[in-house]
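# Understanding the architecture of this molecule
As a plain string of letters, each chain reads:
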Amino acid sequence: MTPSAKRDWLVPAGLIMLSAVPVIAGAARTAELTGGATVTPDNARLFASPVPVLMHIIGASLYCLLGAFQFAPGFRRRRPDWHRLAGRVLIPCGLTAALSGLWMALFYPRLPIDHVLVTPMRLVFGTAMLCCIVLGFAAIRRRDIARHRAWMARGYAIGLGAGTQVLTHLPWMLLVGQPSGVGRALMMLAGWVINLAVVEWALRRRPAKPTRRIQRRSDAPAGVLASR
């Protein structure tokens, strides 16, 4: 593998590593809910209504892991068909993760360690993720690639918030223990804000170019079609 090819995979590898803890935790939760584990005060709300959390785990896990490969530009250029096929999987997975997350925020009882601010934060960022995916889909339907990439990157950043929240919680957990209350709410907020800040920085770091659009063959000038 050439040095440039190795660099092409650095970002996807980092995103997969960032997704690892939430994905593993989700797999453990799935095994708990489907394997007849003991019902406790912490998981009683999930056993009472397991479908939304299982949909969230499956949708979010596929979205984070498969979505990481969309951030390898060389791979996208070499395999455009794979990129489009993956997108057809990622959009429903992302929508499922966002909608199930909103449902859980609204209807699951709030955990004692969660401050009252956590629910509105989940609603805000869940709605924002949903809107980003819809806007990204609408952009690619218009053949507007630049806006499609920007909105999809923002939606992915929000979806990956749980991975970054592991990092924002880690120092506190190592030094003090399980965070709760306002401190936990701020650490969760930091995970989403950090991801969005990195995406906005990356989008603005790219050289300014005219908005790229794909032209349908049926709309292309005759001379263009004849030259192909």
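As the structure is a prediction and not an experimental result, all values here were calculated from the model.

This part covers helix α10 (residues 181-205). In this model α10 runs 36 Å from its N-terminal to its C-terminal C-alpha over 25 residues, within 8% of the 36 Å that 1.5 Å per residue would give. Within the span of α10, buried status applies to Arg184, Ala185, Met187, Met188, Gly191, Trp192, Asn195 and Val199. Taken together, the buried residues of α10 touch α7 (118-141), α8 (145-159) and α9 (161-175).

Before going further, it helps to examine the pattern of salt bridges. Applying the stated criterion across every chain, the model contains eight salt bridges. Between Glu32 and Arg29 there is a salt bridge, with the nearest N and O atoms lying 2.7 Å from each other. Of this pair, Glu32 and Arg29 both sit in helix α2 (residues 10-34), separated by three residues, roughly a single helical turn. A relative accessible area of 29% places Arg29 in the partly exposed class. Between Arg84 and Asp81 there is a salt bridge, with the nearest N and O atoms lying 2.4 Å from each other. Here the residue Arg84 and the residue Asp81 both occupy positions in helix α6 (residues 80-107), the gap between them amounting to three residues, near one helical turn. When its relative accessible area of 45% is taken as the criterion, Arg84 is described as partly exposed.

The rules behind the values
- Residues numbered from 1 in each chain as written.
- Predicted model: local features only at pLDDT ≥ 70, side-chain atom pairs only at ≥ 80, totals over all residues.
- Heavy atoms only, no water.
- Helix = DSSP H or I, 4+ residues; strand = E, 2+ residues; numbered from the N terminus.
- Expected span 1.5 Å × (residues − 1).
- Buried < 20%, exposed > 50% of the residue type's maximum accessible area, 1.4 Å probe, protein only.
- Contact = heavy atoms within 4.5 Å.
- Salt bridge = Lys/Arg side-chain N within 4 Å of Asp/Glu carboxyl O.

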